[in-house]
Amino acid sequence: MKDIFVLLEHRRGEMRDVSVEMLSGAAKLGGSVVAVLLGKDVDEFANKAAGYADKVLYVNDDMFENFNAEAYQKALSALIKEHDPGMILIPNSAQGVDIAPALAVELEAPLVTDITAIEMEGDKPKPTRQYYGGKLDAHMAMKDADVYILTVREATFPADEPSKSGEVVKVDNPVSEEIAYRKFLEYVEPEAGEVDITQSTLLIGVGRGIREDKNLPVAEELAEALGADLAASRAVVDAGWMPSDRQVGISGKTVKPKLYLAIGISGAFQHVTGMKSSEVIMAINKDPDAPIFGIADYGIVDDLFKVVPKLVEKIKELKGA
Amino acid sequence: MNVVVCVKRVPDTAESEVHIDASEKDIDKSRLSFGINECDNYAVEEAIQIKERLEGNVTIISLGGKDSDEVIRMALAKGGDEAMRLEDDAFVGGDALAVAKALAAAVKDLEYDIIFTGALTDDDGFAAAGVALAELIGVPHATYVKDVEILEDGKKAKVGRELEGGLMEYLEIDLPCMLGIQTGINEPRYASFKGIKQAAKKEIALKNASDLGLDASDVGEAGSWAVLEKFTPPVVGEMAEIFEGEPEETAAKLADVMKEKGLV
Ligand SMILES: Cc1cc2nc3c(=O)[nH]c(=O)nc-3n(C[C@H](O)[C@H](O)[C@H](O)COP(=O)(O)OP(=O)(O)OC[C@H]3O[C@@H](n4cnc5c(N)ncnc54)[C@H](O)[C@@H]3O)c2cc1C
Ligand SMILES: Nc1ncnc2c1ncn2[C@@H]1O[C@H](COP(=O)(O)O)[C@@H](O)[C@H]1O
């Protein structure tokens with residue numbers, strides 16, 4: 001079996017968790033795992049990756065100080081042509097989705113994005129991915145090819161403890177031409193708001209099921225009765241009903257309150273990533289198939305507008321007693 | 001500034017049960033409602049806002065059956081100028097790269113400064129067709145875009161990409177380019193009554209594979225590297241304990257658990 005390339009992801013001096021997760025997952029597929037690292041002053045990450053890989057190929061160059069899809073694509077295609085791996089795993093992150101499809105077109109290679117599992121059929125990966133916002137799993141088949149490109153959803157593979165000591169090989173930057181079309185400018189931090197929901201003990205997560213911003217008092221009354229803070233799904237933030245600092249999820253905050261009560265939230269993976277470590281998760285949703293019930297501890301399948309006012313009454317009773 | 005926007009008509013499955021059909025490769029769509037893909041709706045708005053600021057025209061392209069006309073017409077009603085729909089039996093079952101090939105052929109003869117796609121589709125969720133399209137036609141790209149500013153000379157744009165945790169990555173990109181638009185970048189407008197009436201009369205150019213110079217073997221399932229073999233229900237962890245009964249009872253049970261756990 002040919003080698004498995006794993007593209008490591010780092011940003012602003014930190015290696016992102018998905019890197020070790022992918023290396024750990026790749027190690028179970030058979031074949032040698034080659035960690036591929038592009039960066040500037042990333043010797044430390046290269047050494048860390050060696051604990052999970054049979055080999056680390058890394059490039060230290062100013063070109064990779066900050067992420068640039070154009071530079072990454074050129075470097076990866078050169079490394080793939082030179083080393084001939086059988087597949088490459090790329091994080092299905094904001095970086096990964098900006099590279100993988102173009103790389104696949106350039107290399108005329110099969111691409112399956114956002115995979116949540118891989119089985120091997122001989123030397124060929126058979127990935128699983130989700131459709132319809134997590135409502136179905138799909139088993140994918142690919143035509144035979146020299147190299148398969150897969151982007152991997154975060155937290156797909158558990159991160160193992162380091163158990164290898166792969167050879168660390170620093171290679172010259174394979175990209176000789178200038179990066180002409182895209183130029184990194186800066187990072188801009190999201191704005192902080194009044195309440196830091198990462199510090200809240202009790203959170204009510206409000207989703208699109210609330211329908212309109214004029215219905216928000218329904219959730220506010222619950223929050224008040226319980227002494228909880230309000231959080232939101234992206235749908236609610238995009239609609240402008242709640243400020244972005246309340247957003248929970250992959251592009252928002254990660255929260256671990258004692259209680260996360262989701263009302264009218266479907267439970268998309270991107271939301272769940274930000275709240276699944278909450279101590280107790282409760283959900284009220286009228287759709288019995290809503291993925292949120294798969295991670296909640298307790299649920300009510302019903303109209304939130306009927307249940308929440310009753311819940312407010314009950315909580316007030318309990319508190320009064 | 002001429003802008004092309006790629007839009008897809010998708011089923012709304014957020015609030016409905018999804019049933020796998022007999023082929024195991026598709027779902028029963030008979031009871032679902034459909035609309036424009038969420039990100040694509042923001043892409044249409046962004047295109048119209050650019051046109052309003054800088055003049056030019058907006059072309060809407062969709063690959064899909066006749067029903068996709070309703071999605072196209074809504075985009076025209078909001079301010080789109082021209083439209084094209086790509087339909088051919090050969091296009092069916094295509095992966096993101098095969099869809100991108102058809103879109104690439106469709107934009108080939110257009111004059112554009114920017115192509116917008118959505119960041120990803122609500123149904124397939126590949127997050128790939130736009131970036132693949134850019135590579136096929138040889139223009140630079142950026143996806144997960146949540147801020148676009150056309151710079152003075154109209155030859156470059158300053159673009160903000162939304163990363164994990166809401167961090168924004170700003171970059172400068174040469175035009176023409178392809179930008180994959182993320183939700184929340186703007187506030188999509190509603191079409192006016194007048195706009196809807198005017199859009200009803202506009203022509204939607206219909207193109208099949210051969211009109212686009214594509215061979216049936218290049219597109220659809222035949223032209224795809226990856227195909228869907230089979231749908232299965234998702235593997236869920238341990239399901240929540242679901243309380244049954246009238247709201248009065250279920251709310252009481254939930255409140256009791258809160259009490260038990262020391263949360264109230
Ligand atoms: C790159 C990327 C990053 C993302 N980052 C995030 C993120 O950080 N956070 C995030 O939340 N999302 C994120 N998303 C979006 C995510 O995929 C979902 O679209 C979003 O979480 C959906 O929000 P929702 O659950 O509120 O809405 P929907 O999915 O529309 O769900 C609404 C739910 O409300 C229920 N409902 C409707 N009416 C009622 C009622 N009367 N009573 C009870 N229930 C009702 C419905 O059954 C449905 O389950 C991201 C997406 C992408 C592509
Ligand atoms: N059938 C289609 N017709 C037009 N545009 C499409 C189609 N499929 C995908 N796209 C565009 O490509 C984007 C990304 O799609 P996907 O790669 O499927 O997630 C979408 O948001 C659309 O803008």
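Structure shown above.
Structural notes, computed from the coordinates. (Residues numbered from 1 in each chain as written. Chains lettered and ligands numbered in written order. Predicted model: local features only at pLDDT ≥ 70, side-chain atom pairs only at ≥ 80, totals over all residues. Heavy atoms only, no water.)

The next thing to look at is the overall build of chain B. When its secondary structure is counted, chain B shows six helices and 13 strands. The principal-axis extent of the C-alpha atoms belonging to chain B is close to 65 × 45 × 40 Å. In chain B, which comprises 264 residues, the proportion classed as buried is 53%. Restricting the contact set of chain B to residue pairs at least 6 apart, pairs at least 24 apart contribute 69%. With an accessible surface of roughly 11,600 Å², chain B has 47% of that area assigned to carbon and sulfur atoms. Taken together, the 28 basic and 53 acidic charged side chains of chain B have centroids lying 5 Å from each other. (Helix = DSSP H or I, 4+ residues; strand = E, 2+ residues; numbered from the N terminus. Buried < 20%, exposed > 50% of the residue type's maximum accessible area, 1.4 Å probe, protein only. Contact = heavy atoms within 4.5 Å. Areas by Shrake-Rupley, 256 points an atom, 1.4 Å probe, with all protein chains shown as cover. Lys, Arg positive; Asp, Glu negative; His and termini not counted. Charge placed at Lys NZ, Arg CZ, Asp CG, Glu CD.)

Contacts between chain A and chain B engage 88 residues on the former and 87 residues on the latter. Interface area, chain A with chain B, both sides summed: about 7,600 Å², of which 59% is carbon and sulfur. Counting across the interface, chain A meets chain B through twelve salt bridges. Between Glu-248 of chain B and Lys-314 of chain A there is a salt bridge, with the nearest N and O atoms lying 3.1 Å from each other. Taken together, the connections running from chain A to chain B amount to 42 residue pairs in polar contact (both at pLDDT 80 or more). With eight residues, the top contributor of residues to the side of chain A that touches chain B is helix 9 (residues 304-320) of chain A. Partitioning the side of chain A that touches chain B into residue classes produces 44 nonpolar, twelve polar and 32 charged. (Buried area = accessible area lost by both parts, 1.4 Å probe. Salt bridge = Lys/Arg side-chain N within 4 Å of Asp/Glu carboxyl O. Polar contact = N/O pair within 3.5 Å; in protein donor to acceptor, adjacent residues only side chain to side chain. Nonpolar A, V, L, I, M, F, W, Y, C, P; charged D, E, K, R; others polar.)

Right, let's talk about the site of ligand 1 for a bit. In the region of ligand 1, 31 residues are neighbours, and Ser-233, Val-248, Ser-251, Ser-266 and Asn-285 of chain A sit closest. Flanking ligand 1 are residues from chains A and B. Contact between ligand 1 and Arg-208 of chain A: an oxygen atom at 2.8 Å from a main-chain N or O atom of the residue. Interatomic distance of 2.6 Å between a side-chain N/O atom of Ser-266 of chain A and an oxygen atom of ligand 1. Across the complex, the protein chains shield 92% of the 980 Å² of accessible surface that ligand 1 would expose by itself. At the level of secondary structure, the elements contributing two or more residues to the shell around ligand 1 comprise helix 6 (234-238), helix 7 (269-272) and helix 9 of chain A. (Near = heavy atom within 4 Å.)

Another point: the packing of aromatic side chains. This structure, assessed with the given rule, holds eight aromatic pairs over all chains. The interplanar angle of 45° and the centroid separation of 6.4 Å between the aromatic rings of Tyr-131 of chain A and Tyr-132 of chain A together place this pair among those described as tilted. Comparing Tyr-131 of chain A with Tyr-132 of chain A shows no difference in burial state: the two are buried. Of the aromatic side chains, those joined through ring pairs into one cluster are Tyr-131 and Tyr-132 of chain A together with Phe-126 and Phe-231 of chain B. The ring of Phe-34 of chain B carries Arg-9 of chain B above its face, with NZ or CZ at 4.0 Å from the centroid. (Phe/Tyr/Trp six-rings, centres within 6.5 Å; stacked < 30°, edge-to-face > 60°. Lys NZ or Arg CZ within 6 Å of the ring centre and 35° of its normal.)

If you trace the six strands from one edge of the open sheet to the other, you get 14(A)-13(A)-15(A)-16(A)-17(A)-13(B), paired in parallel fashion. Strand pairing shows two members of the sheet lacking a second neighbour, strand 14 (229-232) of chain A together with strand 13 (241-243) of chain B, which therefore form its edges. Averaged over all pairs of adjacent strands, the angle between their axes in this sheet comes to 20°, without regard to strand direction. Of the strand pairs in this sheet, strand 13 (residues 202-206) of chain A and strand 15 (residues 259-263) of chain A are connected by five bridges, and their pairing is parallel. Of the residues in strand 15 of chain A, the one forming a bridge with Ile-204 of chain A is Leu-261 of chain A. (Pairing = 2+ DSSP bridges. Axes fitted to C-alpha atoms, helices over the stretch in contact; angles between N-to-C directions.)

Our next topic: the pairing of strand 7 (residues 141-150) of chain B. Residues and elements named next belong to chain B. In terms of residue burial, strand 7 counts as a mostly covered element, since seven of its ten residues are buried. The sheet contact formed by strand 7 and strand 10 (residues 177-181) spans three bridges and is parallel. Bridge pairing in strand 10 places Ala-142 opposite Leu-179. Here strand 7 runs beside strand 8 (residues 156-162); their pairing, made up of five bridges, is antiparallel. Of the residues in strand 8, the one forming a bridge with Val-145 is Arg-161. Connecting strand 7 to the next strand, strand 8, in antiparallel fashion are five residues, including Gly-154 with a positive phi near 70°.

Our next topic: the site of ligand 2. Residues and elements named next belong to chain B. Taken together, 19 residues are adjacent to ligand 2, and Cys-6, Asp-40, Gly-118, Ala-127 and Ala-129 come closest. Between ligand 2 and the protein, one listed contact pairs an oxygen atom with a backbone N or O atom of Cys-6 at 2.7 Å. In this structure, Asp-40 approaches ligand 2 through a side-chain N or O atom, which is 2.5 Å from an oxygen atom. When ligand 2 sits alone it has 480 Å² of accessible area, and the protein chains cover 98% of it. Mapped by element, the contributors of at least two residues to the shell around ligand 2 are strand 4 (58-63), helix 3 (96-107) and strand 6 (114-118). By residue number, the principal contributor to the shell around ligand 2 is strand 4, which donates three residues. Looking at the shell around ligand 2 residue by residue, the classes come out as eleven nonpolar, six polar and two charged.

Glancing now at the nonpolar core. Counting 105 residues, the largest nonpolar core has Val-6, Leu-23, Leu-89 and Ile-149 of chain A together with Leu-86 of chain B as the members making the most contacts within it. In terms of residue count, the dominant contributor to this core is helix 3 of chain B (nine residues). Counting 38 residues, the second-largest nonpolar core is a separate cluster that includes Val-206, Leu-222 and Ile-315 of chain A together with Val-257 of chain B. (Core = buried A, V, L, I, M, F, W, Y, C linked by side-chain atoms within 4.5 Å.)

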